[in-house]
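# Chains, contacts and geometry: an overview
If you want the building blocks of each chain, they are given just below.
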Amino acid sequence: MFVNDGSTQATISLTRDEAFDLAQRLMPRAEFTTDTDEELRLAARMIRIWLPEAYPANERGQVHFVRAVMESVASTIESVVDGKSKEDGGGPIAA
């Protein structure tokens, strides 16, 4: 990882887990409003509705890479929104 604070530069090595932990500390937490929740739910719903039509499975049941990735995105959106709603009703999502 290359670090430049404007006056000094350094290269440091981190494991994947260390880099993820550092990013979690440095990145601001996302805050979701009710409107944001609904927009995310709509995005996931549209992916679920339209991707199978746009990228149908072939005769062996295999799906296009784009469909597989986007269905994974829909699942992630649903998990984040559902996970937040199970907490105390608002504010930042805990990592």
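Right, let's walk through the structure included here. Residue numbering note: each chain is counted from 1, following its sequence as written. Since the coordinates come from a predicted model, pLDDT governs what is reported: local features require at least 70, and pairs of side-chain atoms require 80 or more to be given and counted, while whole-chain, interface and lining totals use all residues. The side-chain figures draw on all heavy atoms in the structure; neither hydrogens nor water molecules are used.

## Here we look at the overall build of the chain
Cut-off, in case you're wondering: Secondary structure counts use DSSP, requiring at least four H or I residues in a row for a helix and at least two E residues in a row for a strand, with both numbered from the N terminus. Residue burial is assigned from relative accessible area. The probe radius is 1.4 Å, only protein chains are included, and a residue is buried under 20% of its type maximum, exposed over 50%, and partly exposed in between. Whether two residues are in contact is decided by their heavy atoms, any of which lying within 4.5 Å being enough. Residue burial considers only the protein chains on display, and all accessible areas are found by Shrake-Rupley using a 1.4 Å probe.
Each helix and strand in the chain was counted, giving 3 helices and 2 strands. Taken over 95 residues, the chain has a buried fraction of 9%. Restricting the contact set of the chain to residue pairs at least 6 apart, pairs at least 24 apart contribute 46%. Entry remark: accessible area of the chain is about 7400 Å², with carbon and sulfur atoms responsible for 57%.

## Here we look at the side chain of Arg-67
We count it as follows: Polar contacts here mean pairs of N or O atoms no more than 3.5 Å apart (in protein, one a potential hydrogen donor and the other a potential acceptor; neighbouring residues in sequence count only if both atoms are side-chain atoms).
Its location among the elements puts Arg-67 in helix H3 (residues 65–85). Overall, the relative accessible area of 13% leaves Arg-67 in the buried class. Here Glu-71 takes part through its side chain, which lies 2.8 Å from a polar atom of the side chain of Arg-67. What Arg-67 contacts, discounting residues up to four positions off in sequence, is Leu-51, Pro-52, Tyr-55, Pro-56 and Ala-57.

## Here's the deal with the environment of Val-73
Position of Val-73 among the secondary structure elements: in helix H3. Taking the C-alpha atoms as reference points, Val-73 and Ala-43, 30 residues apart in sequence, are found 9.7 Å from one another.

## What to know about the pattern of salt bridges
Any two side chains of opposite charge can pair if their charged atoms end up close together. Our working rule: Each salt bridge in this description consists of a side-chain nitrogen of Lys or Arg and a carboxyl oxygen of Asp or Glu lying within 4 Å of one another.
One pass over the full model with this rule turns up 4 salt bridges. In this structure, Arg-41 and Glu-38 form a salt bridge, with 3.9 Å as the shortest nitrogen-oxygen distance. Of the two residues, Arg-41 and Glu-38 both sit in helix H2 (residues 34–54), 3 residues apart, roughly one turn of that helix.

## Here we look at the nonpolar core
Using the following cut-off: Throughout, nonpolar core names a set of buried Ala, Val, Leu, Ile, Met, Phe, Trp, Tyr and Cys residues whose side chains join them through atoms within 4.5 Å.
Formed by Ala-44, Ile-47, Leu-51, Ala-74, Ile-77 and Val-81, the largest nonpolar core amounts to 6 residues. Mapped by element, the contributors of at least two residues to this core are H2 and H3. Excluding residues that lie within four positions of it along the chain, Val-81 makes contacts with Asp-37, Leu-40 and Arg-41.

## Quick look at the environment of Val-66
Considering the arrangement of structural elements, one finds Val-66 in helix H3. Placed 11 residues apart in sequence, Val-66 and Tyr-55 show a C-alpha to C-alpha distance of 7.8 Å. Aside from chain neighbours lying at most four places away, what touches Val-66 is Leu-51 and Tyr-55.

## As for a nonpolar patch on the surface
Just so we agree on the cut-off: Each patch is assembled from residues with relative accessible area greater than 30% and no salt bridge, linking like charges that lie within 9 Å and nonpolar side chains (Val, Leu, Ile, Met, Phe, Trp, Tyr) that lie within 5 Å.
A surface patch of nonpolar side chains, about 380 Å² in accessible area, is lined by Leu-42, Met-46, Ile-49 and Trp-50. Structurally, Leu-42 can be placed in helix H2. Assessed through its relative accessible area of 42%, Leu-42 is described here as partly exposed.

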